[in-house]
Amino acid sequence: MICEECKKRPATLHFMKTINGEKTEIKLCEKCAHEKGEQHFFNQHSGFSISNLLGGLLNIDPVFSSKQPQYPQQPPLQCENCHMTFQQFVNRGKFGCSDCYETFNEQLKPILKRLHSGNYIHQGKIPARIGGTLHLKKEINHLKSELQTLILEENFEDAAGVRDQIRFLENKLLSEGGES
């Protein structure tokens, strides 16, 4: 692969940028990247870490940071356990303790949506070999809690339908060799 800028040296960097669904790619050699200002990738003193990556992702909209607020400023949100502020988290790229996740929950949602294509709840991945029975077990547990709610609401007709669904899924689970 040849550098798209100088068309002489081999390209060692591959930049990809997506804006409004339009993907732009450029392949550069080390020298052209230096000339274009991409020196931080090669600067051995600064290094590149996950903290730098997260810090960049957390910079949601720098345009707003330069504007003066039009309302009285509140004290910054701070974790009660480790006393870290959200701004410190943005600068560092990692939390001070596990309580920070709960403290900064609302601030994290737009960041997570951006990272996970619109989702902010991590569902995880399930290996295919055990996925079938695990999904059935989760569905049965969900239906059991729904059944309890329907019984408390005295909605017995819908509860009977849910009960039948549970029985069907439990029989399916037993036939696939799983436990209920």
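Residues numbered from 1 in each chain as written. Predicted model: local features only at pLDDT ≥ 70, side-chain atom pairs only at ≥ 80, totals over all residues. Heavy atoms only, no water.

1. Here we look at the state of the cysteines
Then, in step 1: In the structure shown here, the tally under the stated rule is zero disulfides.
Then, in step 2: Counting only cysteine sulfurs, C79 is the nearest neighbor of C97, a cysteine outside any disulfide, at a range of 3.6 Å.
Then, in step 3: Lacking any disulfide linkage, C100 is separated from the closest cysteine sulfur, that of C82, by 3.5 Å. (Disulfide = S-S within 2.5 Å.)

2. Considering unusual backbone geometry
Then, in step 1: Of note in the backbone geometry, H83 takes a positive phi value of approximately 65 degrees without being a glycine.
Then, in step 2: Its place among the elements puts H83 in the loop between α3 (62-65) and α4 (86-92).
Then, in step 3: Of the residues examined, H83 reaches a relative accessible area of 48% and is grouped as partly exposed.
Then, in step 4: The phi dihedral of E154 falls on the positive side, at around 60 degrees, and the residue is not glycine.
Then, in step 5: Here E154 shows up in the loop between α7 (128-152) and α8 (156-175).
Then, in step 6: The exposure class of E154 is exposed, given its relative accessible area of 60%. (Helix = DSSP H or I, 4+ residues; strand = E, 2+ residues; numbered from the N terminus. Buried < 20%, exposed > 50% of the residue type's maximum accessible area, 1.4 Å probe, protein only.)

3. A few points about the pattern of salt bridges
Then, in step 1: Applying the stated criterion across every chain, the model contains four salt bridges.
Then, in step 2: As a salt-bridge pair, E4 and K27 come within 3.9 Å of each other at their nearest N and O atoms. With E4 in the segment before β1 (13-19) and K27 in strand β2 (residues 22-28), the pair connects residues that are 23 residues apart, well separated along the chain.
Then, in step 3: On the accessibility criterion, E4 (35% relative accessible area) is partly exposed.
Then, in step 4: In this structure, E106 and K109 form a salt bridge, with 3.3 Å as the shortest nitrogen-oxygen distance. Separated by three residues within a single helix, E106 and K109 lie in helix α6 (residues 105-115), roughly one turn from each other. (Salt bridge = Lys/Arg side-chain N within 4 Å of Asp/Glu carboxyl O.)

4. Re a negative patch on the surface
Then, in step 1: On the surface, a cluster of negative charge is contributed by E139, E146, E157 and D158.
Then, in step 2: Elements that contribute at least two residues to the negative patch include exactly α7 and α8.
Then, in step 3: The topology assignment puts D158 in helix α8.
Then, in step 4: A relative accessible area of 43% places D158 in the partly exposed class. (Patch = residues over 30% accessible without salt bridge, like charges linked within 9 Å, V, L, I, M, F, W, Y side chains within 5 Å. Areas by Shrake-Rupley, 256 points an atom, 1.4 Å probe, with all protein chains shown as cover. Lys, Arg positive; Asp, Glu negative; His and termini not counted. Charge placed at Lys NZ, Arg CZ, Asp CG, Glu CD.)

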